[in-house]
Structure formats: C-alpha cells, structure tokens
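# Fold and contact review
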Amino acid sequence: GDSPVGDPFYEAQAWFLEAMRVPEAWARGYRGAGVTIRVNDDGIDTSHPDVDKVSRSDSCEIWQAIRGGLGHGTAAASLAAGNSNGFCGVGVAPSAALSSCKIIPGPDDDDPYSPEYPGGSFISSGDNDVSSNSWGLDSCLARSSSGGYYYGYAYLDDFWKSDAAEKACPFA
C-alpha cells in the first residue's frame, strides 16, 4: 500500500508502526510537532539524515556519538523521531525534535559519557517532553576492576556468578 507519510521505506517498517497504530495518530495530525524527545543512550550521530535535528541547547554536555556510525542511540532516535525524508525510514513522531545525552561510555577514555550521568540529572536536564531510556544491564556482561567489561558471568540473586552464565548467557 501507499505510505501515509510519503516515505518510500515505509513498507519495510509498516509492521511495527501499524502494530502501535501510528498511522491512525498521523491521520489525526499527530506527528510530534512541538515535542522534544530526549534519547539517553550512547549518543546520536547527527550526520545521519534521519536524525539531523538534535537540539544542542536541550542536550547534555556530551551528547554526540563521537565515533560516528549507526550506534544504538542513533537507531533509537530514528525509531522515535526519524525524518520522513526518503532516506532510510520514518520514526513514530517525524515532526518531533530530538535531544541527546550520552550516558553509555565508549570502550576507552577517548569516548566518555556526559557529566550529567553520574548524578542522574540527565533525566530532567533540558526542555524535553519525552525521555527515551532503551538501555539496560546486560546480564551476561560484567565490569572488571580495571573498568573494562567481560562476558561469561550472569547477574543472579544480586551477585555476579560465573556458574549461572551457562544458563543465562548461552552465547558467552
């Protein structure tokens, strides 16, 4: 069928947008205009045309995906508010603005997280209407005393246990 937003990639996304009844909201004129969605994640790569609308004034001090590429934060931002521009797809609220807070650090000190993260102010900083937090604890990932991460342990009963990893982390 035809795309309700005129995006040639709509059909590839129709299954989840229609499951959430998004086209019905669009038909009623709700496309996110006047709304700012904060994406708290590993940053947003604003060189991607679907998410090139990040409000720096409403974002945290460190907000951009330093290494570029299509990381989780960029993907989450695109699903929430990706522009309807014929490039890659369309988000649920294509007319919404975006802001970003990088709360997930990169693999080394050259890719830090925002200073708003440790105190939790990243949740309420800036003029944001929606806070997207699609990150969480990977129960197969443990943090080493040197600050790195390693696989093979599972978080079970409030403790990291190597013997629980076999059941909880089949790919570790």
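This report concerns the structure included in the present document. (Residues numbered from 1 in each chain as written. Predicted model: local features only at pLDDT ≥ 70, side-chain atom pairs only at ≥ 80, totals over all residues. Heavy atoms only, no water.)

## Topic: the overall build of the chain
Here is the rule: Helix numbering and strand numbering both begin at the N terminus, where a helix is a DSSP run of H or I of at least 4 residues and a strand a DSSP run of E of at least 2. Relative accessibility under 20% of the residue-type maximum defines a buried residue, over 50% an exposed one, and the middle range a partly exposed one, all with a 1.4 Å probe and only protein chains included. Throughout, the Shrake-Rupley method with a 1.4 Å probe supplies accessible areas, and for residues the shown protein chains are the sole cover considered.
Per the secondary structure count, the chain includes four helices and seven strands. Each helix and strand of the chain, ordered N terminal to C terminal, gives the series α-α-β-α-β-β-β-β-β-β-α. Within the chain, the fraction of its 172 residues that count as buried is 38%. When the accessible surface of the chain is split by element, carbon and sulfur atoms take 53% of a total near 9800 Å².

## Quick word on unusual backbone geometry
Its identity as a non-glycine residue notwithstanding, arginine 21 has a phi of 60 degrees, on the positive side. Mapped onto the elements, arginine 21 comes out in the loop between helix H1 (10-19) and helix H2 (22-27). Judged by its relative accessible area of 53%, arginine 21 is exposed.

## Considerations on the sheet that holds strand S2 (residues 97-102)
For clarity, the cut-off: By the convention used here, strands pair only if DSSP detects at least 2 bridges between them. Orientation is described by lines fitted to C-alpha atoms, with helices fitted over the stretch in contact, and by angles between N-to-C directions that extend from 0 to 180 degrees. Here, two residues are considered to be in contact whenever any of their heavy atoms come within 4.5 Å of each other.
The strand order across the open sheet built from three strands is S2-S1-S3, with neighbouring strands paired in parallel fashion. Looking along the sheet, the strands with just one partner apiece sit at the ends: S2 and strand S3 (130-132). On average, each strand axis in the sheet is inclined to that of its neighbour by 25 degrees, with strand direction left out of account. Pairing geometry for strand S1 (residues 36-41) and S3, over three bridges, is parallel. Bridged to valine 39 within S3 is serine 132. Contacts from helix H3 (residues 72-81) reach S1 and S2 within the one sheet, and its direction differs from that of S1 by about 155 degrees.

## Notes on the state of the cysteines
Put simply, the rule reads: Pairs of cysteine sulfur atoms within 2.5 Å are identified as disulfides in what follows.
Evaluated as defined, the whole model comprises one disulfide. The side chain of cysteine 60 participates in a disulfide bridge whose partner is cysteine 101; the two sulfur atoms lie 2.2 Å from each other. On the sign convention where negative is left-handed, the bridge of cysteine 60 and cysteine 101, at about -95 degrees about the S-S bond, is left-handed. In this pair, cysteine 60 sits in the loop between S1 and H3 while cysteine 101 sits in strand S2, placing the two residues 41 residues apart along the sequence. Of the two residues, cysteine 60 and cysteine 101, neither departs from the other in class, the shared state being buried.

## Considering the packing of aromatic side chains
Note the cut-off: By convention, a stacked pair of Phe, Tyr or Trp rings (six-membered ring in the case of Trp) has centres within 6.5 Å and planes under 30 degrees apart, an edge-to-face pair has planes over 60 apart, and any other such pair is tilted.
In this structure the tally under the stated criterion is two aromatic pairs. Pairing tryptophan 15 with phenylalanine 16 gives two aromatic rings, centres 5.4 Å apart and planes at 75 degrees, and the pair type is edge-to-face. Residue phenylalanine 16 is classed as buried on the basis of its relative accessible area, which comes to 16%.

## So, the nonpolar core
Put simply, the rule is: Residues grouped as a nonpolar core are buried Ala, Val, Leu, Ile, Met, Phe, Trp, Tyr and Cys residues, joined through side-chain atoms within 4.5 Å.
Core analysis: the biggest nonpolar cluster contains 13 residues, and Ile37, Val39, Ile44, Ala77 and Leu98 have the highest contact counts within it. Of all the secondary structure elements, the ones that give two or more residues to this core are S1 and H3. With four residues, the single largest contributor to this core is H3. Look past the residues within four positions of isoleucine 37 in its chain and what remains in contact with it is Ala80, Ala81, Ala93, Ala96, Ala97, Leu98, Ser99, Val130 and Ser132.

## Let's talk about the pattern of salt bridges
Test applied: The term salt bridge refers to a pairing of a side-chain nitrogen on Lys or Arg with a carboxyl oxygen on Asp or Glu at a separation within 4 Å.
Under the criterion given, the structure shown has one salt bridge. Ionic pairing is found between glutamate 24 and arginine 21, a salt bridge with its closest N-O pair at 2.9 Å. A relative accessible area of 34% means that glutamate 24 is categorised as partly exposed.

## Quick look at the pairing of S2
Of all six residues in S2, five are buried; the element is thus mostly enclosed. In the sheet, S1 pairs with S2 via six bridges, with the strands oriented parallel. Its bridge partner lying in S2, valine 39 is registered against serine 100.

The analysis is restricted to geometry; functional conclusions fall outside its scope.
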